[in-house]
Amino acid sequence: MWWFQDRGMAMIPAEISKNRVVPLAATFAALYGTLRMMPIFVLIGGSGRVFSTTEFIAPLLGVVLGPYAGPLAAVVGTFLGIMITGRTNFFGLDFLAPMMNALVLGLLMRRKRLLSIIIYSALLALFFAHPSTLHFVSVPFLNGTIEFPFIWLHIVVWVLLVSPLGRRPVEWISGATRWKAIVAACLLALIGTMTQHLTGTLIFASMAVPLMGLAPQSLAKAWVAIFYAYPIERLVVVLPAATLVTFAVVKALKATGLLHQASGMKS
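The numbers attached to residues start from 1 for each chain and follow its sequence in the written order. Totals for whole chains, interfaces and linings use all residues, but because this is a predicted model, local features are given only for residues with pLDDT of at least 70 and pairs of side-chain atoms are given and counted only at 80 or more. Where side-chain values are given, they derive from all heavy atoms of the structure, hydrogens and water being excluded.

Asker: Describe the overall build of the protein, naming the residues involved and giving the relevant values.
Answerer: Scanning the protein from N- to C-terminus turns up 8 helices and 4 strands. Helix and strand assignments follow DSSP, with helices taken as H or I runs no shorter than four residues and strands as E runs no shorter than two, numbered in order from the N terminus. Secondary structure elements of the protein occur, N-terminal to C-terminal, as α-β-β-α-α-α-β-β-α-α-α-α. Within the span of the protein, comprising 267 residues, buried residues form 52% of the whole. Note on contacts: a residue pair qualifies if any of its non-hydrogen atoms lie within 4.5 Å across the two residues. Across the protein, the fraction of contacts at a sequence separation of at least 24, relative to all contacts at a separation of at least 6, is 74%. Only protein chains enter the calculation, and the probe is 1.4 Å; a residue is then buried if its accessible area is under 20% of its type maximum, exposed if over 50%, and partly exposed in between.

Laid out in structure tokens, this is it:
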């Protein structure tokens, strides 16, 4: 097995052997499916549709399992959850958002940051090209209004991803320094959750009128409500929990020997 090492920082192995990745992927898929039974907030504009506590563990699929087993676990876990709850937000396409989360983070963890950037950039481009999305929101400011990008937080994450700081989470996540590992878990969770949210937003935009039955006027109001809600939803509700879960699980897997610190050697 090849290990990654950069500037002496220990890292998660590039590959987990098959006898480890299969039970890990199965465990995460089962956990992901089970957690769909625990809703945390309602999808704005989607009657009867909810987000669940799966949001808290979705980044782990890419961080631990990588860009192949991670997305697969997301797909299997999503359909398992649909079978358990009988509930689907996007007519069976619910798996796409966590799958993209796992894919972007999995590629990032395997030092394929350029591919992560390309995928994330393509999602941003699709948002602005989509005819049903709201690109700018008029926000009250002083005595007037300013036009603010709807996906301002996603753009902030894109800047983070393409900047030199975008390399640090991969170097720090399994390092010996606790605060660096926590910061790395936070950055990875942020990148993953915003990738997932952006994908889900595109799916919602595509289905809101023709399949969910929203009138165009209702959709316009929903976009404004989502604009004000999603930063709180992502930064206050999802990010802290996802950071804690990512940090704790990576640490626990290292302690049990399922993930090892790099030694700079091949094994």
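Asker: Lay out the side chain of Gln196 in plain terms, naming residues and giving numbers.
Answerer: Looking at the secondary structure, you find Gln196 in helix α7 (residues 178-207). Residues contacting Gln196, with those up to four places away along its chain left out, are Tyr32, Glu55, Ala58, Ala97, Pro98 and Asn101.

Asker: Got a sec to walk through the packing of helix α2 (residues 54-85) against α7? Specific residues and values, please.
Answerer: Each packed pair of helices is defined by two parameters, the angle between the axes and the distance between the axes. Two elements in contact, α2 and α7, have axes whose closest approach is 9 Å; the angle formed by their N-to-C orientations is 105°. Considering the angle they form, α2 stands roughly perpendicular to α7. Here α2 contributes Glu55, Ala58, Pro59 and Val63 to the contact with α7, which in turn contributes Leu188, Ala189, Thr193 and Gln196. Ten residues, namely Ala, Val, Leu, Ile, Met, Phe, Trp, Tyr, Cys and Pro, are considered nonpolar, four, namely Asp, Glu, Lys and Arg, are considered charged, and the remaining ones, Gly among them, are considered polar. In terms of residue class, the contact of α2 with α7 is made up of 5 nonpolar, 2 polar and 1 charged. In this description, a line fitted to the C-alpha atoms serves as the axis of each element, helices being fitted only across the stretch in contact, and the angle between N-to-C directions of two axes falls anywhere from 0 to 180 degrees. Any angle from 65 to 115 degrees is called roughly perpendicular, while one under 35 is roughly parallel, one over 145 is roughly antiparallel, and all others are oblique.

Asker: Describe the nonpolar core, listing the residues and the values that go with them.
Answerer: Residues belong to one nonpolar core when they are buried, are Ala, Val, Leu, Ile, Met, Phe, Trp, Tyr or Cys, and are joined through side-chain atoms within 4.5 Å. Leu61, Val64, Leu65, Phe150, Ile191 and Phe204 are the most contacted members of the largest nonpolar core, which totals 68 residues. When residues no more than four places from it in sequence are discounted, the contact partners of Phe150 are Phe127, Leu134, His135, Phe136, Val137, Thr201, Trp223, Ile226, Phe227 and Tyr230.

Asker: Outline the packing of aromatic side chains, listing residues and values.
Answerer: Planes of paired rings set the category: under 30 degrees apart is stacked, over 60 is edge-to-face and the rest tilted, where pairs are Phe, Tyr or Trp rings (Trp by its six-membered ring) whose centres lie within 6.5 Å. Per the stated rule, a full pass over the model turns up 11 aromatic pairs. Consider the rings of Phe127 and Phe150, whose centres lie 5.7 Å apart with planes at 15°: the pair is stacked. Taken as a pair, Phe127 in helix α4 (residues 113-129) and Phe150 in the loop between β4 (144-149) and α5 (152-162) lie far apart in primary sequence, 23 residues in all. For the pair formed by Phe127 and Phe150, the shared burial category is buried. Taking 6.1 Å as the distance between ring centres and 40° as the angle between the ring planes, the aromatic pair formed by Phe150 and Phe227 counts as tilted. Separated by 77 residues along the polypeptide, Phe150 in the loop between β4 and α5 and Phe227 in helix α8 (residues 216-255) bring together distant segments of the chain.

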